[in-house]
Amino acid sequence: MQVGLKVWRFDTKTAERALKEYEVDAPEEATLLDVLDLVKDKVDGSLAYRRSCRMMICGSCGMRMDGAAVLACKTRMYDVAQAGHVPVISAMGNLPVVKDLVVDMQPFWDKIRAVKPWVEPGYEAPAPGDKENVVSAEQMATIHKESLCILCGCCVSECNSMEANPDFLGPAALAKGMRFVGDARDGQTVERLEELSEPNGVWDCTRCYFCQERCPKGVDPRDAIAKLGAEAIREGIDRDMGAKHAKWFVKSAKTTGWLRETELVPKTQGVVRTLKDVKFGMKLAKHGKVPPPFPPHVAKDVDESRSLHDIVKKQDQRGAQGIVQGERALGRIEPHHDTYAAAAERGPYGPGSFPKPYLPGEEGEETT
Ligand code: SF4
Ligand code: SF4
Ligand code: FES
């Protein structure tokens, strides 16, 4: 099959960028990485990209195709070629480009290192002659998904929060943090949660879910971050405004089925800081954006909100060992509510479940 690619080239000597188009004859089973290999072998030996294993294990070949991070060795090109589409290939986002599709991974490694990605043993070594300490499969299941990470950086490439704040630890490091917070052998759980709850940590995630959508290994980094938040709150680590915001959000939804925004601000950032925002609040009030806090508005279907809260709470009561994502709770009540019929049709990861990543292309054009 004929496969075309447009590749963003970057010349380190001149710092110039150029979009170069290539076309090669490739076997039908070719992946994006195979096509790049063909381009490099037969057309332009100066093209730079990383790869090693070619089987989704080493994490080297992260790059963007049509603006969304992919592993090149996991991305089949047959459908793309059949559609006559010529995708744009570029380096991953949020990391400095070294050359063409190669990024500097040092900032990525610095953040992984910052979460202490090793076990700090929280157990006594068995006495000589005693049996070894055994960790059950059930205990390891808690961190099964987080253990699948191959450190490719695709999640980091797509992280909105990192784009705004390069100091944010980011999805890969936080998922790695959860991998050790949830490890039954570790003795530093609370210390880790304290550190991960500092500014630039757990609560700086905007919950955009792009990391989750793009992770090629099913690590689900946003879920890992949610688990860290749940564990931190369970341990009483709730100094951060994000934690306070989350707690009040839940309380407000449970009690009135409604987000009581007027109370949310002082509950989240404290009365003193809220007083500094009075001028801004007055402006909002002028436009009817500050509903009076009393009497609180109670939603008509507040019972539904309360039962949803109870279901999630039951699942979530063991923190990281529980399920902290509301979609599973929704899955359980779907059969009882006609209003969820449409959601039942589409499934949790089907069309419309999550926002699509930004893909340059024509309006409405399907690019993934
Ligand atoms: S969900 Fe959070 S960590 Fe993941 S990409 Fe969005 S902001 Fe980044
Ligand atoms: S969490 Fe997923 S996308 Fe992020 S580095 Fe690990 S494997 Fe790659
Ligand atoms: S080359 Fe190793 S993951 Fe793609």
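Just above sits the structure.
Read on for an overview of the structure. (Residues numbered from 1 in each chain as written. Chains lettered and ligands numbered in written order. Predicted model: local features only at pLDDT ≥ 70, side-chain atom pairs only at ≥ 80, totals over all residues. Heavy atoms only, no water.)

## Regarding the site of ligand 2
- Near ligand 2 there are 13 residues, and of these Cys149, Cys152, Gly153, Cys155 and Cys215 occur at the shortest range.
- Here ligand 2 is seated within the largest cavity.
- Tallied by class, the residues present in the shell around ligand 2 amount to 11 nonpolar, one polar and one charged. (Near = heavy atom within 4 Å. 1 Å grid on protein atoms, 1.4 Å probe; cavity = no way out; pocket = protein on both sides within 12 Å on 5 of 7 lines; lining within 4 Å. Sits in = over half its atoms within 2 Å of the grid points. Nonpolar A, V, L, I, M, F, W, Y, C, P; charged D, E, K, R; others polar.)

## Quick look at helix α12 (residues 261-269)
- Within α12, the full set of buried residues consists of Glu263, Leu264 and Thr268. Taken end-on, α12 shows its buried residues confined to a sector of 125 degrees, consistent with a single buried face.
- For α12, the elements touching its buried residues are α11 (241-256).
- Just downstream of α12 lies Gly270, where phi reads positive at about 85 degrees. (Buried < 20%, exposed > 50% of the residue type's maximum accessible area, 1.4 Å probe, protein only. Helix = DSSP H or I, 4+ residues; strand = E, 2+ residues; numbered from the N terminus. Arc of directions from axis to C-beta. Contact = heavy atoms within 4.5 Å.)

## Quick word on the nonpolar core
- One finds Leu95, Phe108, Val156, Leu174, Leu196, Val202 and Leu228 to be the most contacted residues of the largest nonpolar core, which totals 35 residues.
- Among the secondary structure elements, those contributing two or more residues to this core are α3 (106-114), α5 (154-157), α7 (170-181), α8 (189-196) and α10 (221-234).
- Counting residues per element, this core draws most heavily on α7, which supplies six residues.
- Both of domain 1 (2-103) and domain 2 (106-121 + 138-234) provide at least three residues apiece to this core.
- Excluding its chain neighbours within four sequence positions, the residues that come into contact with Leu228 are Leu174, Gly177, Met178, Val181, Leu193, Leu196 and Val202. (Core = buried A, V, L, I, M, F, W, Y, C linked by side-chain atoms within 4.5 Å. Domains from an automatic or database assignment.)

## A few points about the site of ligand 1
- The immediate surroundings of ligand 1 are formed by Cys159, Ser161, Phe168, Pro171, Cys205, Thr206, Arg207, Cys208, Tyr209, Cys211, Arg222 and Ile225.
- A majority-of-atoms criterion places ligand 1 in the second largest cavity.

## A look at the pattern of salt bridges
- A complete count under the given rule lists 19 salt bridges for this structure.
- Taking the shortest distance from any N to any O, the salt bridge between Lys227 and Glu146 comes out at 3.0 Å. Of the two residues, Lys227 sits in helix α10 while Glu146 sits in the loop between α4 (137-141) and α5, which places them 81 residues apart along the sequence. Exposure class is identical for Lys227 and Glu146. Each is buried.
- For the salt bridge of Arg260 with Glu263, the shortest nitrogen-to-oxygen distance reads 2.8 Å. Neither residue differs from the other here; Arg260 and Glu263 are each classed as buried.
- Taken together, the shared-partner salt bridges connect Arg9, Asp44, Lys99 and Asp100 into one network. (Salt bridge = Lys/Arg side-chain N within 4 Å of Asp/Glu carboxyl O.)

## Quick look at a nonpolar patch on the surface
- Taken together, Val271, Leu275, Val278 and Met282 make up a surface patch of nonpolar side chains, about 410 Å² in accessible area.
- Contributions of two or more residues to the nonpolar patch are made by α13 (271-276) and α14 (278-286). (Patch = residues over 30% accessible without salt bridge, like charges linked within 9 Å, V, L, I, M, F, W, Y side chains within 5 Å. Areas by Shrake-Rupley, 256 points an atom, 1.4 Å probe, with all protein chains shown as cover.)

## Re the pairing of strand β4 (residues 68-71)
- Burial of β4 is two-sided: the residues Ala68 and Val70 facing one way and the residues Ala69 and Leu71 facing the other way are all buried.
- Pairing between strand β3 (residues 62-65) and β4: four bridges, direction antiparallel. Counterpart to Met63 in the pairing with β4 is Val70.
- Where β3 folds back on β4, the antiparallel hairpin that results is connected by two residues, among which Asp66 adopts a positive phi of roughly 50 degrees. (Pairing = 2+ DSSP bridges.)

## Concerning the sheet that holds β4
- The strand order across the open sheet formed by five strands is β2-β1-β5-β3-β4, and the pairing between neighbours is mixed. The strands lining the two open edges of the sheet, one partner per strand, are β2 (16-25) and β4. Here the strands of the sheet are splayed against their neighbours by 35 degrees on average, with no regard to which way each runs.
- Of the strands in this sheet, β1 (2-11), β2, β3, β4 and β5 (88-90) touch helix α1 (residues 32-43), which is tilted by about 95 degrees from β2. (Axes fitted to C-alpha atoms, helices over the stretch in contact; angles between N-to-C directions.)

## Looking at the packing of α7 against α10
- One way to put it is that α7 packs onto α10 with a least axis distance of 8 Å and a crossing angle of 55 degrees. Here α7 lies oblique to α10, going by the angle between them. Both α7 and α10 take part in a crossing whose hand is left-handed. Taking contact as the criterion, the partners of Pro171, Leu174, Ala175, Gly177, Met178 and Val181 in α7 are, on α10, Pro221, Ala224, Ile225, Lys227 and Leu228.
- Its residues assigned to classes, the contact of α7 with α10 shows nine nonpolar, one polar and one charged. (Parallel < 35°, antiparallel > 145°, perpendicular 65-115°, else oblique. Left-handed = near helix turned anticlockwise from the far one by under 90°.)

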